[in-house]
Amino acid sequence: MTKTGGGPRPRGVWWREGAVTATAFVLCLLGGVVQVDDTLTAPPAAAYVIAVVSCAVLPLRHRAPLAALAATTASGVPVAPLGLLLSPLIVAPALITAYSYALTARTERRAGGAVLGTSVVLLVASTPLFGGVSWQDASRMGSVAAFPLMAGVLGRSVRNRRAYLAAVEERARRAEESRDGEARRRVAEERVRIARELHDLVAHQITLANAQATVAAHLFDIRPEQTRKSLRELVETTGHALDELRSTVGLLRQSGDTAGPAEPAPGLSRLPALLASFRGAGLEVSVEQEGTARPLAPGVDLTAYRIVQEALTNVTKHAATGTARVHLAWNRDRVTITVADDGESEDEGAPGYGLIGMRERATVAGGQLSAGRRPEGGFLVSAELPLPPARSGGAP
């Protein structure tokens, strides 16, 4: 059974409330045993009345703590006029409600005022109206006034402790959620990177394979030797596609999986082989270099290779031409890569994923990329990528 709204309370709560109420009732009766003249007698009827009235409101202290505190405090006022000795024992219900109110009050000022008022009321009720005040009377009056304050301080400290633990748990929960969110973000970024790699290599290799198959089909009857050559190139192209696909998908393996041989990421050093594959597919590619070539950072080197690969793939797929030009300009702090063609695009729609991927790669590498139609005809892709600082005394 669970507590939901105003429904029934758990059985354990009822047992606890019954134990607290019974203990307070016994303490009230023990307080009625001690008389004003310090003799011990059986609890009078007045002690039973006060114990019953003050303990009857204890189960309500969680729902109406201030009302319960006022009721138990008021029950202690007629103790002295009824001939009983006002002591911390007989006002035990007031101490319990003072603790509960301090534990549940919304502000410290409100809790402090209510508990202090309880102490003042009990102090006044325990003060003899006539006659002198002995040291014994003063000690008893001080304890009657101090015990509610002590109960209030204890209740407030418990409340602060609970609030501190709740805040610590909340910070831990938020930190855990932040770590989970960061992990999810990194996983998403890695998936995007792998998807970009898959797009680049699959689009490139499939385009070449399609071009080589088209050439082989066209020359099948009239030039068998050329057909066989195209088919051999087609086999090599699909074999390279499978190798690169296997290498890229291998990034998705779990940490405990057997690792296969990993090839280094491609870079501009593999540009001749890349251009040869396009030439085998029927695209004549010329290359020009300006300036002195310098080593690139691994990530920038891969980006440069992929930009050239994707740009030439787009020429093969969309441009009605058989030629393209690749130009590399090496400056002191950057390398400019341009890929141009003179054909008329067969696809005038919005930029596809290839151009988007190239632009994202260049941005991540710290560079920039622009692409568009040339005024004199054809299409131009231009990318600027950063170079590492030149070593002092080395080549520029």
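In this text, all values refer to a predicted model and were calculated from it rather than measured experimentally.

Reading the values: the criteria
- Residues numbered from 1 in each chain as written.
- Predicted model: local features only at pLDDT ≥ 70, side-chain atom pairs only at ≥ 80, totals over all residues.
- Heavy atoms only, no water.
- Helix = DSSP H or I, 4+ residues; strand = E, 2+ residues; numbered from the N terminus.
- Buried < 20%, exposed > 50% of the residue type's maximum accessible area, 1.4 Å probe, protein only.
- Contact = heavy atoms within 4.5 Å.
- Areas by Shrake-Rupley, 256 points an atom, 1.4 Å probe, with all protein chains shown as cover.
- pLDDT = per-residue confidence, 0-100.
- Polar contact = N/O pair within 3.5 Å; in protein donor to acceptor, adjacent residues only side chain to side chain.
- Salt bridge = Lys/Arg side-chain N within 4 Å of Asp/Glu carboxyl O.
- Pairing = 2+ DSSP bridges.
- Axes fitted to C-alpha atoms, helices over the stretch in contact; angles between N-to-C directions.
- Disulfide = S-S within 2.5 Å.
- Parallel < 35°, antiparallel > 145°, perpendicular 65-115°, else oblique.
- Nonpolar A, V, L, I, M, F, W, Y, C, P; charged D, E, K, R; others polar.
- Expected span 1.5 Å × (residues − 1).
- Left-handed = near helix turned anticlockwise from the far one by under 90°.

Participant: So what exactly am I meant to see when it comes to the overall build of the chain here?
Facilitator: When its secondary structure is counted, the chain shows 10 helices and five strands. Considering the chain as a whole, with its 396 residues, one finds that 37% of them fall into the buried category. In the chain, of all internal contacts separated by at least 6 residues, the share reaching a separation of at least 24 is 72%. A total of about 23,100 Å² of accessible surface is found on the chain, and carbon and sulfur atoms cover 61% of it.

Participant: It is not clear to me how the confidence of the model for the chain should be interpreted in this structure. Could you clarify?
Facilitator: Should the pLDDT be low somewhere, the predicted coordinates at that spot are not to be read in detail. With 73% of its residues at a pLDDT of 70 or more, the chain has an overall mean of 77. Note that pLDDT drops below 50 for residues 1-6; the model gives that stretch seven contacts with residues more than four away or on any other chain. A low-confidence stretch, residues 392-396 (pLDDT under 50), is modelled with three contacts involving residues beyond four sequence positions or located in other chains.

Participant: Which parts of the structure should I look at to understand the environment of Ile90?
Facilitator: Within the secondary structure, Ile90 sits in the loop between α3 (65-76) and α4 (92-104). As a C-alpha pair, Ile90 and Val26 span 64 residues in sequence and 9.2 Å in three-dimensional space. Leave out the neighbours within four places in its chain, and Ile90 touches Leu27, Cys28, Gly31, Gly32, Val79, Leu84 and Leu85.

Participant: Explain the side chain of Arg374 here, please?
Facilitator: Among the secondary structure elements, Arg374 is positioned in the loop between β4 (368-373) and β5 (379-386). Taking the relative accessible area as the measure of exposure, Arg374 reaches 17% and is therefore buried. Side-chain polar atoms of Arg374 contact the side chain of Asp342, separated by 2.9 Å. Side-chain polar atoms of Arg374 contact the side chain of Glu376, separated by 2.6 Å. Setting aside residues up to four positions removed in sequence, Arg374 forms contacts with Arg325, Ala340, Asp341, Asp342, Phe379 and Leu380.

Participant: I tried to follow the pattern of salt bridges on my own but got confused; where do I start?
Facilitator: When their charged atoms lie close together, side chains carrying opposite charge are able to pair. One pass over the structure, following the stated rule, counts nine salt bridges. Ionic pairing is found between Glu170 and Arg173, a salt bridge with its closest N-O pair at 2.3 Å. Of the two residues, Glu170 and Arg173 both sit in helix α6 (residues 135-219), three residues apart, roughly one turn of that helix. Two residues, Arg334 and Asp333, come together in a salt bridge whose shortest N-O distance is 3.5 Å.

Participant: Honestly, the sheet that holds β5 in this entry has me stumped. Any pointers?
Facilitator: Whether parallel or antiparallel, the strands of a sheet pair through hydrogen bonds between backbone atoms. Within the open sheet, the five strands sit side by side as β1-β2-β3-β5-β4. Their pairing is mixed. Looking along the sheet, the strands with just one partner apiece sit at the ends: β1 (284-290) and β4. When the angles between neighbouring strand axes are averaged without regard to direction, this sheet yields 10°. Both strand β2 (residues 323-330) and strand β3 (residues 334-341) contribute to a ladder of six bridges, which runs antiparallel. Note on β3: the bridge partner recorded for Val326 is Val339. The sheet strands contacting helix α8 (residues 271-280) are β1 and β2, and the helix crosses β1 at an angle near 155°.

Participant: Hey, could you run me through the state of the cysteines in this one?
Facilitator: Linking two cysteines covalently through their sulfur atoms gives a disulfide. Within the structure shown, the criterion is met by zero disulfides. There is no disulfide at Cys28, and the cysteine sulfur nearest it, in Cys55, is 4.5 Å away. The exposure class of Cys55 is buried, given its relative accessible area of 5%.

Participant: What is the right way to read the packing of α8 against helix α9 (residues 298-318) from this model?
Facilitator: Helix packing for two helices is described by the angle between their axes and how far apart those axes are. Between α8 and α9, whose axes approach to 11 Å, the crossing angle comes to 10°. Accordingly, the angle class assigned to the pair α8 and α9 is roughly parallel. Facing Leu271, Leu274, Leu275 and Phe278 of α8, the residues of α9 in contact are Tyr305, Val308, Gln309, Leu312, Thr313 and Thr316. Residues belonging to the contact of α8 with α9 are distributed by class as follows: seven nonpolar, three polar and no charged.

Participant: It is not clear to me how α9 should be interpreted in this structure. Could you clarify?
Facilitator: Since one α-helical turn is 3.6 residues long, residues separated by three or four positions face the same way. Compared with the 30 Å implied by 1.5 Å per residue over 21 residues, the 30 Å span of α9 between its first and last C-alpha is a close match. Counting buried positions along α9 gives 16 out of 21 residues, so the element sits mostly inside the fold.

Participant: How should I be thinking about the packing of α3 against α4 in this particular structure?
Facilitator: For the pair α3 and α4, interaxial distance at closest approach is 9 Å and the crossing angle is 160°. When the interaxial angle is binned, α3 and α4 end up roughly antiparallel. In this structure, the crossing between α3 and α4 has a hand that is left-handed. Here α3 contributes Pro65, Leu66, Ala68, Leu69, Thr72 and Thr73 to the contact with α4, which in turn contributes Pro93, Ala94, Thr97, Ala98, Tyr101 and Thr104. A class-by-class count of the residues in the contact of α3 with α4 yields eight nonpolar, four polar and no charged.

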